[in-house]
Amino acid sequence: MIFKKVVTIIAVILAFFILLILLASIIFRFISYLTRPSNLKKAFNYGSELAKSSGKTFWVVVAHPDDAEWYAGGTIASLALKNRVILVMCTSGEKGSNDDSLGAKREKLQLEAGKIVGYHRIEFLRFPDRELQEHKQDLFKYLKRLAVYEPPAAIFTFDFKKPHYIYRHPDHLAAGEVAMKAGEELGVPLYLFHTSKPNVIFDYEKVRHKKKEALKALTNYGGRRRRGALSVLRSVFSFLGRNQIEMYGYKEGFLQLGIEFGETFRLERPVKENDLIFID
Ligand SMILES: [Zn+2]
């Protein structure tokens, strides 16, 4: 009798988990479909155009160590081969653990991962983690100064205006908001990642090992981290999707173009000074 009860309970729990995974994968595919570029060919052409860049300076403005590699590591590693890439790290991601040295550890790992990706310079601004919203003015001032001696040809950052439907971290939005404002003032193109309206697909197949190695290096900080609901969700998505395409792109669309490893962006570029339009 007891045995029968135990078997029933195990069967119910198993069925629950299978249903949960099924539901998550349906939601995941739906979001993936919603965030596909509306014109695949055009998006591919914009990506190929970007891939031809050489001798330019690119800024990558992010909130935490691993943000850049996670969302755009393949694209950045490709561009860093022929261009100067500067990573602006707004916070050191020191919160989320009882370890007081987490920030310093994550900076060290970011430097290691940075060598793999190929950044030419990494700026640690050390604004407090999870409080970047309160330091937007200081960040803006910093970027204006940086523009004097490292003027960018384009800026990579989080999409503040049309952010992705999941995981809208306030620090990510703050970094994106300020970097977008700086880019608009400088009149340079913006390549916005973690977006809900991508119009660029960048094929990073040739450097895909670099992205993988960099991400591996970045998660190597030991110790226990508190796992919030969002990071669990992230893990579920990682489990369901084999790579970045499935997580933040539209896999069927990419494969249609023959791209197995791609990252997506929303490109905003100036038509004339201080006048940016959304290119569809
Ligand atoms: Zn982050």
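Residues numbered from 1 in each chain as written. Predicted model: local features only at pLDDT ≥ 70, side-chain atom pairs only at ≥ 80, totals over all residues.

Which residues make up the overall build of the protein chain, and what values do they have?
Within the protein chain one finds 10 helices and eight strands. Every one of the 280 residues in the protein chain was classed for burial, and the buried ones make up 41%. In the protein chain, the share of contacts with a sequence separation of at least 24, taken over all contacts with a separation of at least 6, comes to 83%. (Helix = DSSP H or I, 4+ residues; strand = E, 2+ residues; numbered from the N terminus. Buried ≥ 20, exposed ≤ 12 C-beta atoms within 10 Å, placed from the backbone. Contact = placed C-beta atoms within 7 Å.)

Talk me through the confidence of the model for the protein chain; I want residue IDs and the actual numbers.
On average, residues of the protein chain score 86 in pLDDT, and 85% of them reach the 70 mark or higher. Note that pLDDT drops below 50 for residues 242-246; the model gives that stretch 10 contacts with residues more than four away or on any other chain. (pLDDT = per-residue confidence, 0-100.)

I'd like a description of the packing of helix α5 (residues 136-149) against helix α6 (residues 170-186), backed by residues and values.
One way to put it is that α5 packs onto α6 with a least axis distance of 10 Å and a crossing angle of 40°. Relative to α6, α5 is oriented oblique. Note on packing geometry: the crossing formed by α5 with α6 is right-handed. Residues Lys136, Leu139, Phe140, Leu143, Lys144 and Ala147 of α5 lie in contact with α6, whose contacting residues are Ala174, Glu177, Val178, Ala179, Lys181, Ala182 and Leu186. Grouping the constituent residues of the contact of α5 with α6 by class yields nine nonpolar, no polar and four charged. (Axes fitted to C-alpha atoms, helices over the stretch in contact; angles between N-to-C directions. Parallel < 35°, antiparallel > 145°, perpendicular 65-115°, else oblique. Left-handed = near helix turned anticlockwise from the far one by under 90°. Nonpolar A, V, L, I, M, F, W, Y, C, P; charged D, E, K, R; others polar.)

So what's going on with unusual backbone geometry? Which residues, and what values?
In this structure, Asp66 takes a positive phi of about 90° despite not being glycine. Tracing the chain through its elements places Asp66 in the loop between β1 (57-62) and α3 (67-79). For Arg130, which is not glycine, the phi dihedral falls at a positive 65°. Position of Arg130 relative to the elements: it lies in the loop between β3 (121-127) and α5.

Help me get a handle on the packing of helix α4 (residues 102-117) against helix α7 (residues 208-218), residues and values and all.
It is the contact of α4 with α7, at a shortest axis distance of 8 Å, that shows an interaxial angle of 175°. Compared by their axis directions, α4 and α7 come out roughly antiparallel. Along the contact surface, α4 presents Leu109, Gln110, Glu112, Ala113, Ile116 and Val117, while α7 presents Lys210, Glu213, Ala214, Ala217 and Leu218. Within the contact of α4 with α7, the residues separate by chemical class into seven nonpolar, one polar and three charged.

Before we move on, can you summarise helix α1 (residues 2-34) with the specific residues and values?
Because the α-helix completes a turn every 3.6 residues, residues three or four places apart line up on one side. Taking 1.5 Å per residue as the helical rise, α1 with its 33 residues ought to reach 48 Å, and the 48 Å between its terminal C-alpha atoms agrees with that figure. Among the 33 residues in α1, one count as buried, and that is only a small part of the element. (Expected span 1.5 Å × (residues − 1).)

Describe in detail the pairing of strand β2 (residues 84-91), supporting the description with residues and values.
Counting buried positions along β2 gives six out of eight residues, so the element sits mostly inside the fold. Here six bridges tie β1 to β2, and the two strands are oriented parallel to one another. In the sheet register, Thr57 faces β2, and the bridge partner there is Arg84. Each parallel crossover has a hand, and the one from β1 via α3 to β2 is right-handed. Relative to β3, β2 runs parallel, the two being bridged by five bridges. Residue pairing for β3: Thr91 is matched across the bridge by Phe127. Between β2 and its parallel partner β3, the chain crosses via α4, and the hand of that crossover is right-handed. (Pairing = 2+ DSSP bridges. Right-handed = clockwise from strand over helix to strand, strands pointing away.)

Break down α3 for me, with residues and values.
In a regular helix each residue adds 1.5 Å, so 13 residues correspond to 18 Å; α3 covers 17 Å between its end C-alpha atoms and thus fits that length. Along its length, α3 reaches its greatest deviation from straightness, about 85°, at Gly73. α3 sits mainly inside the fold: 13 of its 13 residues count as buried. (Bend = angle between axes of the 7 residues up to and from the residue.)

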